[in-house]
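Residues per chain are reported as follows:
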Amino acid sequence: MTGQKIDGNLVATSVKDRVRLAVKELSSDGIVPCLATVLVGDDPASATYVRNKQKTCADVGITTKDHKLPASFSQKEMNSLVNLLNNDETVHGILIQLPLPSQIDDFTTTSRISPLKDVDGLTPYNIGLLTSGRSILKPCTPSGIMELFDYYKINLEGKNAVIINRSNLVGKPLYNLMLEKNATVTTCHSRTKNIKEHCLGADIIVTAIGDRSKFILTEDMVKEGAVVIDVGTARLEGKLVGDVDYDNVIKKASYVTPVPGGVGPMTIAMLLKNTVTAASISKEFVQPN
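A. Structural context of the sheet that holds strand E2 (residues 34-40). Reading across from one edge, E3-E2-E4 is the order of the three strands in this open sheet, with parallel pairing throughout. Strands with a single pairing partner mark the edges of an open sheet, and in this sheet they are strand E3 (63-69) and strand E4 (93-96). Adjacent strand axes in the sheet meet at a mean angle of 15°, parallel and antiparallel pairs treated alike. Pairing analysis gives seven bridges linking E2 to E3, with the strands arranged parallel. Bridged to threonine 37 within E3 is aspartate 66. Helix H2 (residues 44-60) contacts E2, E3 and E4 of the sheet and is inclined by roughly 170° relative to E2. Against the sheet, helix H3 (residues 75-86) contacts E2, E3 and E4, and its axis sits at roughly 175° relative to E2.

B. Expanded view of the environment of isoleucine 195. Mapped onto the elements, isoleucine 195 comes out in helix H8 (residues 195-200). In this structure, the C-alpha to C-alpha distance between isoleucine 195 and leucine 174, residues 21 residues apart in sequence, is 18 Å. When residues no more than four places from it in sequence are discounted, the contact partners of isoleucine 195 are Ile164, Cys188, His189, Phe215 and Met221.

C. Layout of the state of the cysteines. Counting across every chain of the model gives zero disulfides. Cysteine cysteine 199 remains unbridged, with the sulfur of cysteine 188 as its closest cysteine sulfur at 6.0 Å. What makes cysteine 199 buried here is its relative accessible area of 0%.

D. How the structure looks around the packing of aromatic side chains. Tallying each qualifying case throughout the model produces two aromatic pairs. Aromatic side chains tyrosine 152 and tyrosine 255 sit 5.9 Å apart centroid to centroid with 65° between the ring planes, which places their arrangement in the edge-to-face category. With a gap of 103 residues between them, tyrosine 152 in the loop between helix H6 (140-151) and strand E5 (160-164) and tyrosine 255 in strand E11 (residues 255-256) connect regions that are remote in the sequence. Among the aromatic residues, ring-to-ring pairing joins Tyr151, Tyr152 and Tyr255 into one connected group.

E. The layout of surface pockets, seen in detail. Of the volumes computed, that of the largest pocket is approximately 1,300 Å³. Considering the residues around the largest pocket, the lining is formed by 42 residues, among which Tyr49, Thr141, Thr233, Gly264 and Thr267 are closest to the centre. Sorting the residues of the lining of the largest pocket by element identifies H2, E4, H6, strand E9 (234-236) and helix H10 (263-281) as the ones contributing at least two each. Here the lining of the largest pocket is composed, by residue class, of 24 nonpolar, 13 polar and five charged.

F. Representation of the pairing of strand E6 (residues 184-188). Judged from the five bridges that link them, E5 and E6 form a sheet pairing that is parallel. Looking across to E6, one finds that alanine 161 is bridged to valine 185. Traced from E5 through helix H7 (residues 171-180) to E6, the parallel crossover comes out right-handed.

G. Summary view of the sheet that holds strand E7 (residues 204-207). Overall, parallel pairing links the six strands, which are arranged E1-E11-E8-E7-E5-E6 in an open sheet. Two strands lie at the open edges of the sheet, namely strand E1 (4-5) and E6, each paired on one side alone. Across four bridges, the pairing between E7 and strand E8 (residues 227-230) is parallel. Bridging from a neighbouring strand, valine 206 pairs with isoleucine 229 of E8.

H. Local environment of the pattern of salt bridges. In total, this model carries seven salt bridges according to the counting rule given. In this structure, arginine 18 and glutamate 147 form a salt bridge, with 2.9 Å as the shortest nitrogen-oxygen distance. Of this pair, arginine 18 sits in helix H1 (residues 8-28) while glutamate 147 sits in helix H6, and the two are 129 residues apart along the sequence. Using a relative accessible area of 41% as the deciding quantity, one classes arginine 18 as partly exposed. Exposure remark for glutamate 147: the relative accessible area of 14% places this residue in the buried category. As a salt-bridge pair, lysine 273 and glutamate 147 come within 3.8 Å of each other at their nearest N and O atoms. Here the residue lysine 273 occupies a position in helix H10, and glutamate 147 occupies one in helix H6, the gap between them amounting to 126 residues.

I. View of unusual backbone geometry. The residue after leucine 98, namely proline 99, is reached through a cis peptide bond having omega 0°. For proline 99, the position within the fold is in the loop between E4 and helix H4 (106-112). A cis geometry characterises the amide bond from valine 259 onward to proline 260, with omega recorded as 0°. Note that proline 260 resides in the loop between E11 and H10. Unusually for a residue other than glycine, asparagine 182 sits at a positive phi of about 70°. Tracing the chain through its elements places asparagine 182 in the loop between H7 and E6. The residue glutamate 237 is not glycine, and still its phi comes out positive at about 55°. Summarising the element assignment, glutamate 237 is placed in the loop between E9 and strand E10 (239-241). What makes glutamate 237 exposed here is its relative accessible area of 80%.

Calculation rules
Residues numbered from 1 in each chain as written. Predicted model: local features only at pLDDT ≥ 70, side-chain atom pairs only at ≥ 80, totals over all residues. Heavy atoms only, no water. Pairing = 2+ DSSP bridges. Helix = DSSP H or I, 4+ residues; strand = E, 2+ residues; numbered from the N terminus. Axes fitted to C-alpha atoms, helices over the stretch in contact; angles between N-to-C directions. Contact = heavy atoms within 4.5 Å. Disulfide = S-S within 2.5 Å. Buried < 20%, exposed > 50% of the residue type's maximum accessible area, 1.4 Å probe, protein only. Phe/Tyr/Trp six-rings, centres within 6.5 Å; stacked < 30°, edge-to-face > 60°. 1 Å grid on protein atoms, 1.4 Å probe; cavity = no way out; pocket = protein on both sides within 12 Å on 5 of 7 lines; lining within 4 Å. Points joined across faces, edges and corners; volume = space filled by probe spheres on them. Nonpolar A, V, L, I, M, F, W, Y, C, P; charged D, E, K, R; others polar. Right-handed = clockwise from strand over helix to strand, strands pointing away. Salt bridge = Lys/Arg side-chain N within 4 Å of Asp/Glu carboxyl O.

Any link to function would need more than the numbers given here.
Below you can see the structure in the form of structure tokens.
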């Protein structure tokens, strides 16, 4: 048996097509969706991420406001900037590229973002809605994974799912989203014993470690017909790879995401979706200060 590759580029294109239509509809109502990006310092990887997000926004008709700030930018200055963006009616989404320099606290900063402009789904308010099953703006990578399940008609109900990650960006929100679809979800992490045993009992495995020296999901850890979602990214001999030994695991699994070209394109696609969603609700709510 050889499984099917889950094509993240294909699914991301379908999401972007829907976003383009939404942008046209909003524009006809006088609303031009706009994403404000905030980058502190000159980290090359972060700069590349922001540049790619801006380019993809332009491709679907979303405007961007770019804020490139010096590495010496203070917490007080960041608070003022976030307040300014919260109160700017022309800005519908706020994206602060993480991680931030040590003098700026990630949680303090993201918590200050208006929940209605929180396109990363990181504010305590939106996290609370997520755990209550009532979220509108959901974290991009987990919601992108759920979009992949929907596109490939992978039913989660009653399935045993293992998530190898407990971060606020991936593992915790994905746990709640999969639970909403009636999966039985287990979270594994660095202190979990017998991860292989957990994986062998799973119908669906999502792994997001991103360090091949610490973890590789190999064929002997996957049961026949399992669905494997690889969120990890790492460099191996100059090539971008994930957590999964793809060439061997796909011989045993029913579906596997590749790296690159799997979950990665979905993360940016869902950012676009969140931005037009935020724009569409901007007229219905008064932005909190």
